[in-house]
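# Reading the structure
The residues making up each chain are set out below.
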Amino acid sequence: MRLLFDYENQQKQSTYLPKCDVERTELSLKRKQKLHLPVLCENEISRHYTELAKQTHGVNDGFYPLGSCTMKYNPKINDALASLGGFTEIHPLQDLESVQGCLELMKQTEKALCTITGMDAMTFQPAAGAHGEFCGLLLIKKYHEMRNDLKRNKIIIPDSAHGTNPASASMAGFKVVTIASKEDGCVDLDALRQAVGEDTAGLMLTNPNTVGLFDKHILEITQIIHDAGGLNYYDGANLNAIMGIARPGDMGFDVIHLNLHKTFSTPHGGGGPGSGPCGCKQFLADYLPGVLPCLTEEGYAWHQPKQSVGAIKAFYGNFLVVVKTWAYLLTLGSEGIRETAQNAVLNANYMMHQLKDTYDLAYDQTCMHEFVISLNKEKHDCNVSAMDIAKALLDYGIHPPTMYFPLIVHEALMIEPTETETLETLDRAVDVFKKIMADAMANPENVHQAPLLTPVRRLDEVKAAREPHLRYIWPDDE
Ligand SMILES: *Cc1c(COP(=O)(O)O)cnc(C)c1O
């Protein structure tokens, strides 16, 4: 595809700046070369960006079962509400009386999310899930410091965990202790008992876990950590499966993060603003970062937790993402929230059962909101890999599932059909998965070439990450 710089007939200007009405000044930083800016007329610019948009795949284009990411359709009304001037045109330092509604909205959202998760307080400062993890770990660290229990420097994390868990733990200054999962994908209780000790600061866990299974021993797990003097951290990325039904707070978790851009109606995937609020039980609330909205006799105000770990982002986080969450919560209500989780689990189990005779399940049991298939046998028997299946799906307008994660399953594809997918979409996707397998078994070459219909074919993914071309090179540059 042409870049903006490659258009011929440049100089068809579409913007006209008024004449300069201030005195010209010489800048000390003078350019050595001419500044190349593409100059195009408005319809060419519009076509260029429309063409770009057509080359990508989003939830609005088709099925997007990207495991662990909860790529659900987010109702446009939530974005429309978050675009209202009363929300977008305010400033964090504005007089409190003029933003009472926004403070109330934050407080209401905090209360609703605390009710859903079984927590007592929450901050919206963290900008994403990993940031929320970091924040929660700072709370755990502070808890031990305040008790003068300084030897607790280890966080226990199962080997199935999302990569951000160990990364956040080490950023927060902890040592990571990895424990192997059992064959069934769940926490090995004996390994956990062996791993805990006087240096245990806490445990990080997601439930349902990253292979889509609800750990039935969750109460025993969190008790083992509490008995050892540690705290339990809940990675809330998989909340879509249990919200309105089971609460991390009741499972023995002390600190959590949520991904508003996964579970609560903010589109994600393009690096846009996210929000990873961090919630905690009352005994940790005084350590929360930043200022928090609170109701006083004079209306809503900010309150600074007494022993705060400090700010981890400017002001109050990505407020407009909170507006979308608020709108989503109000439109669904408590019944709707529960139904969302039920449908997410139903959709995943339906698809899993339709596919289990064609694809090997990594764990052949009832799943939660996602399930993992393995191409390990096909890879060894006939050189058909998870990558081949993922690429072949692209030719049918389906975004591939998450590939090669979790790391504990070889040739993994993790499929998460969210609650917003219809039965027709699921049936069509099942047919496509089956057809691809049949084509691959007839002749592996059929899938080795895929994709054939996309704007670009198989890319050198390592090169794309390691040697990105981020700058247009003009002939007279350099
Ligand atoms: C997405 C995800 C995270 C990290 O969240 P980000 O918002 O991407 O930082 C952590 N844990 C799990 C299980 C996830 O799926």
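Residues numbered from 1 in each chain as written. Predicted model: local features only at pLDDT ≥ 70, side-chain atom pairs only at ≥ 80, totals over all residues. Heavy atoms only, no water.

Looking at an unreviewed UniProt entry, the protein carries the name glycine dehydrogenase (aminomethyl-transferring), with the source organism given as Dielma fastidiosa. UniProt, in the comment section headed Function (unreviewed entry), describes the protein in these words: "The glycine cleavage system catalyzes the degradation of glycine. The P protein binds the alpha-amino group of glycine through its pyridoxal phosphate cofactor; CO(2) is released and the remaining methylamine moiety is then transferred to the lipoamide cofactor of the H protein." A UniProt comment under Cofactor (unreviewed entry) is attached to the protein, and it reads "pyridoxal 5'-phosphate". (UniProt positions renumbered as here; feature names shortened; annotations may be inferred.)

This part is about the overall build of the protein. If you tally the helices and strands in the protein, you get 15 helices and 13 strands. Rg of the C-alpha trace for the protein: 25 Å, near the compact-globule value of 23 Å for 478 residues, within the 12% margin. With respect to the principal axes defined by its C-alpha atoms, the protein has extents near 75 × 70 × 45 Å. With 478 residues in all, the protein has 47% of them scored as buried. For the protein, the proportion of contacts with a sequence separation of at least 24, taken over those separated by at least 6, is 71%. Summed over its atoms, the accessible surface of the protein is roughly 24,200 Å², and 54% of this surface lies on carbon and sulfur atoms. Of note, the protein has its 43 positive side-chain charges centred 5 Å away from the centre of its 60 negative side-chain charges. (Helix = DSSP H or I, 4+ residues; strand = E, 2+ residues; numbered from the N terminus. Rg over C-alpha atoms; globule rule 2.2 N^0.38 Å. Buried < 20%, exposed > 50% of the residue type's maximum accessible area, 1.4 Å probe, protein only. Contact = heavy atoms within 4.5 Å. Areas by Shrake-Rupley, 256 points an atom, 1.4 Å probe, with all protein chains shown as cover. Lys, Arg positive; Asp, Glu negative; His and termini not counted. Charge placed at Lys NZ, Arg CZ, Asp CG, Glu CD.)

The omega angle of the peptide bond from Phe-405 to Pro-406 is -5 degrees, so this bond is cis rather than trans. Mapped onto the secondary structure, Pro-406 falls in the loop between strand 12 (402-403) and strand 13 (412-415). Cis geometry is adopted by the peptide bond preceding Pro-451, which originates at Ala-450 and carries an omega value of 0 degrees. Turning to its location among the elements, Pro-451 is positioned in the loop between helix 14 (445-448) and helix 15 (461-466). One non-glycine residue, Glu-411, lies in the positive phi region at around 50 degrees. Inspection of the secondary structure assignment puts Glu-411 in the loop between strand 12 and strand 13. Given the relative accessible area of 12%, Glu-411 is considered buried.

The next thing to look at is the pairing of strand 8 (residues 292-296). Note: strand 8 against strand 9 (residues 299-303), five bridges, orientation antiparallel. Bridging across to strand 9, Leu-292 finds its partner in His-303. (Pairing = 2+ DSSP bridges.)

With that out of the way, let us pick up the layout of surface pockets. Each pocket or cavity is described by its volume, and for the largest pocket that value is around 700 Å³. Taken together, 25 residues form the lining of the largest pocket, with His-57, Leu-394, His-399, Pro-400 and Thr-454 sitting closest to its centre. Among the elements that make up the lining of the largest pocket, the one with the highest residue count is helix 12 (residues 386-394) (three residues). Here the lining of the largest pocket is built from residues that sort into 13 nonpolar, seven polar and five charged. Estimates place the volume of the second largest pocket at around 400 Å³. (1 Å grid on protein atoms, 1.4 Å probe; cavity = no way out; pocket = protein on both sides within 12 Å on 5 of 7 lines; lining within 4 Å. Points joined across faces, edges and corners; volume = space filled by probe spheres on them. Nonpolar A, V, L, I, M, F, W, Y, C, P; charged D, E, K, R; others polar.)

On the basis of which strands lie adjacent, the open sheet formed by seven strands has the order 1-7-6-5-4-2-3 and mixed pairing. Pairing within the sheet leaves two strands with one partner each, and these edge strands are strand 1 (121-123) and strand 3 (175-179). The mean angle between the axes of side-by-side strands here comes to 20 degrees, regardless of whether they run parallel or antiparallel. In the sheet, strand 1 pairs with strand 7 (residues 278-280) via three bridges, with the strands oriented antiparallel. (Axes fitted to C-alpha atoms, helices over the stretch in contact; angles between N-to-C directions.)

Take the sheet that holds strand 13 next. Hydrogen bonds between backbone groups are what pair the strands of a sheet, and the pairing can be parallel or antiparallel. One open sheet accounts for four strands, arranged 10-11-13-12; its pairing is antiparallel. Since the sheet does not close on itself, it has two edges, and those belong to strand 10 (360-361) and strand 12, each with one partner. Taken together, the two bridges between strand 10 and strand 11 (residues 371-374) define a ladder with antiparallel strand orientation. Of the residues in strand 11, the one forming a bridge with Leu-361 is Ile-373. Across the sheet, helix 12 touches strand 12 and strand 13, and the angle it forms with strand 13 is around 45 degrees.

Another aspect to go through is the packing of helix 12 against helix 13 (residues 423-442). Between helix 12 and helix 13, the least distance of the axes is 10 Å, while the angle of their chain directions is 125 degrees. Relative to helix 13, the element helix 12 is oriented oblique. The two elements helix 12 and helix 13 meet at a crossing, and its hand is right-handed. Contacts between helix 12 and helix 13 involve Ile-389, Ala-392 and Leu-393 from the first element and Val-432, Phe-433 and Ile-436 from the second. Across the contact of helix 12 with helix 13, the residue classes break down as six nonpolar, no polar and no charged. (Parallel < 35°, antiparallel > 145°, perpendicular 65-115°, else oblique. Left-handed = near helix turned anticlockwise from the far one by under 90°.)

A few words now on the site of the ligand. In the vicinity of the ligand, the contacting residues are Ser-68, Ala-128, Gly-129, Ala-130, Glu-133, His-162, Thr-164, Asp-235, Ala-237, Asn-259, His-261 and Lys-262. Ser-68 has a polar side-chain atom sitting 2.7 Å from an oxygen atom of the ligand. Within the contact set of the ligand, an oxygen atom lies 2.8 Å away from a backbone nitrogen or oxygen of Gly-129. Compared with its free state, where it exposes 380 Å², the ligand has 86% of that area covered by protein. Put simply, the parts of the chain that give the shell around the ligand at least two residues each are helix 5 (129-146) and helix 9 (260-263). Among the elements that make up the shell around the ligand, the one with the highest residue count is helix 5 (three residues). For the shell around the ligand, the class distribution of residues is three nonpolar, six polar and three charged. (Near = heavy atom within 4 Å. Polar contact = N/O pair within 3.5 Å; in protein donor to acceptor, adjacent residues only side chain to side chain.)

In total, this model carries four cavities of 30 Å³ or more according to the counting rule given. In this structure, the largest cavity encloses a volume near 100 Å³. Tallied by class, residues from the lining of the largest cavity come to six nonpolar, eight polar and one charged.

Turning our eyes to something else, we now look at the packing of aromatic side chains. With the rule as written, the count across this model stands at eight aromatic pairs. Residues Tyr-143 and Phe-283 carry aromatic rings whose centres are separated by 5.5 Å and whose planes lie at 70 degrees to one another, so their mutual orientation is edge-to-face. Of the two residues, Tyr-143 is situated in helix 5 and Phe-283 in the loop between strand 7 and strand 8; the sequence distance between them amounts to 140 residues. Residue Tyr-143 is classed as buried on the basis of its relative accessible area, which comes to 15%. Between Tyr-359 and Phe-433, the aromatic rings sit 5.8 Å apart at their centres with planes inclined by 80 degrees, giving edge-to-face as the arrangement. One end of the pair, Tyr-359, is in the loop between helix 10 (319-355) and strand 10; the other, Phe-433, is in helix 13, with 74 residues separating them in the sequence. No difference in accessibility class separates Tyr-359 from Phe-433, as the two residues are buried. Through a chain of ring-to-ring contacts, the aromatic side chains of Trp-302, Phe-315 and Tyr-316 assemble into a single cluster. In this structure, Arg-2 packs its charged tip against the face of Tyr-7, placed 3.9 Å from the ring centre. (Phe/Tyr/Trp six-rings, centres within 6.5 Å; stacked < 30°, edge-to-face > 60°. Lys NZ or Arg CZ within 6 Å of the ring centre and 35° of its normal.)

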